[in-house]
Amino acid sequence: MAAELVLLGTAGAPLPVAGRAGICSALVVDGRIFLVDCGRGAPSAFADAGLDFGRLEAVFVTHLHADHVGDLPGMLLYGWGVRTRDDGPAPPVRVYGPSRPAALPAGDAAFHRQTLIHPELPAPGTTDLVGHILAGYAYHLNVMPLDARMPDAGALVRATDITIPPPAGDVPGVPAVVFDDGIVRVTAVAVTHGHAVPALAYRFDTPYGAVAFSGDTTVNEDLIALARGADILVHQVADLDYLKRHGSDEAELARMAALLIDVTQVGAVAERAGVRELILSHYLPADPAAVTEAEWVRRGGQGFGGITTAGRDGLRRALPGPKARA
């Protein structure tokens, strides 16, 4: 009986790089598996980590950029045939994530929309995304059970949209309870990630401790409040100085600063949240050779009195043990 965090992928941005899989984290609680995001390579990393597809219980999506959901279809479909238990089929995988935005965001003079994809529903939410996945793979789902013994495809997945008002200036957001079965409790807040609205951060409270996941965000007061007192904060980091040295101009850097926290800022976030350990992840640049782990830690840990760890694919961290949940 224990809980363990497993980083399955730690790369930022959609472009594949050698040596790092796309963003995906697993929290295993007494054998039950909860995922946060499903980036590139998530199913293979899941298998490499020795995790059981039959025990995948839920996926929590921070936002609907492709680098966070690109391999969600594989996580749902590749393990479908083994989702059985001694007493019958496993329950559906639950997918939680952002709802439809109130409006499709507009661009500006530098970045504007040239083509509107799927004008009937140009800004889908998580439930829409899962429905489109099932529709897109309908041939497989309808034909495969005729040649192999498969669970009922109608019980493959259930999706739930999370509706949280976007940040409103200095007014604190109220965390939403997304999941609570008396053992694992998941809460979420909205965070700031450029035009990606809604974008979410999550906190998991378990009998063994608490883990918070930032998703992609700038410095965010609601995230700091959400993560307060957690054992571990898994936080995205970008090295804007690296991007500047490699050709990004001031306008591009300003746009990036509205999307992502700089590595020099994340230590102060962890300190204010009072977490025990800060684990860096979702790196930009994603190439492991671009910035050393030691440099990520040196800069990311500035202003933080706890433990700073450079996350890497396959990193495992046990939660401290049974404790009273706040």
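Structure report, in brief. What you see as residue numbers is a count from 1 along each chain, following the sequence as written. Owing to the predicted nature of the model, reporting of local features is limited to residues with pLDDT of at least 70; listing and counting of side-chain atom pairs is limited to 80 or more, with chain, interface and lining totals taken over all residues. Values shown for side chains rest on all heavy atoms present in the structure; no hydrogens or waters enter the calculation.

Examining helix α9 (residues 263-273)
Quick reminder of the rule: Only protein chains enter the calculation, and the probe is 1.4 Å; a residue is then buried if its accessible area is under 20% of its type maximum, exposed if over 50%, and partly exposed in between. Strands here mean DSSP runs of E at least two residues long; helices mean DSSP runs of H or I at least four residues long; both are numbered from the N terminus. Here the arc refers to the set of directions running from the helix axis out to each C-beta atom.
If you check which residues of α9 are buried, you get V263, V266, G267, V269, A270 and A273. Seen along its axis, α9 keeps its buried residues to an arc of 160°; they face one direction. G274 sits one or two positions beyond α9 and adopts a positive phi of about 70°.

Quick notes on empty space enclosed by the protein
For clarity, the cut-off: Grid points spaced at 1 Å over the protein atoms alone were grouped into cavities, where a 1.4 Å probe fits but cannot get out, and pockets, open sets with protein on both sides within 12 Å along at least five of seven lines, with lining residues defined by an atom within 4 Å of a point. Grid points are joined across faces, edges and corners, and a volume is the space filled by probe spheres set on the points. Each residue gets one of three labels, nonpolar for Ala, Val, Leu, Ile, Met, Phe, Trp, Tyr, Cys and Pro, charged for Asp, Glu, Lys and Arg, and polar for the others, Gly among them.
Across all of its chains, the model carries one cavity of 30 Å³ or more by this definition. The computed volume of the largest cavity comes to approximately 110 Å³. Around the largest cavity, the lining is made up of 15 residues, and of these I23, D37, F213, G215 and V234 lie nearest the centre. Among the secondary structure elements, those contributing two or more residues to the lining of the largest cavity are β13 (232-238) and β14 (277-284). If you tally residues by element for the lining of the largest cavity, the top one is β13, at three residues. Among the residues making up the lining of the largest cavity, the classes are represented as four nonpolar, nine polar and two charged.

Observations concerning the packing of α9 against helix α10 (residues 293-300)
In a packed pair of helices, the relevant descriptors are the angle between the two axes and the axis-to-axis distance. So the rule is basically this: With axes taken as lines fitted to C-alpha atoms, and helix axes fitted only over the stretch in contact, angles between N-to-C directions fall between 0 and 180 degrees. Throughout, the term roughly parallel applies to angles under 35 degrees, roughly antiparallel to angles over 145, roughly perpendicular to angles from 65 to 115, and oblique to all others. Every residue pair with non-hydrogen atoms within 4.5 Å of one another is taken to be in contact.
The geometry of α9 relative to α10 is characterised by a closest axis approach of 7 Å and an angle of 55° between their N-to-C directions. As far as their axial angle goes, α10 and α9 are oblique. Residue-level contacts link V263, T264, V266 and G267 of α9 to W296, R299 and G300 of α10. Counted by class, the contact of α9 with α10 contains three nonpolar, three polar and one charged residues.

Concerning the sheet that holds strand β11 (residues 200-206)
The strands making up a sheet associate through hydrogen bonds between their backbones, and the pairing can be parallel or antiparallel. The line we're drawing: Two strands are counted as paired when DSSP detects at least two bridges linking them.
In space, the seven strands of this open sheet follow the order β9-β10-β11-β12-β13-β14-β15, with mixed pairing throughout. Each edge of the open sheet carries a strand with a single partner, namely β9 (176-180) and β15 (307-310). This sheet shows a mean twist of 20° between the axes of neighbouring strands, independent of strand direction. Looking at chain direction, β9 and strand β10 (residues 185-190) are connected through four bridges and run antiparallel. Note on β10: the bridge partner recorded for V177 is T187. In the packing of α9 onto the sheet, contacts are made with β13 and β14, and the angle to β13 comes to roughly 160°. Strand contacts of α10: β13, β14 and β15, with the helix running at about 120° to β14, the strand carrying the most contacts.

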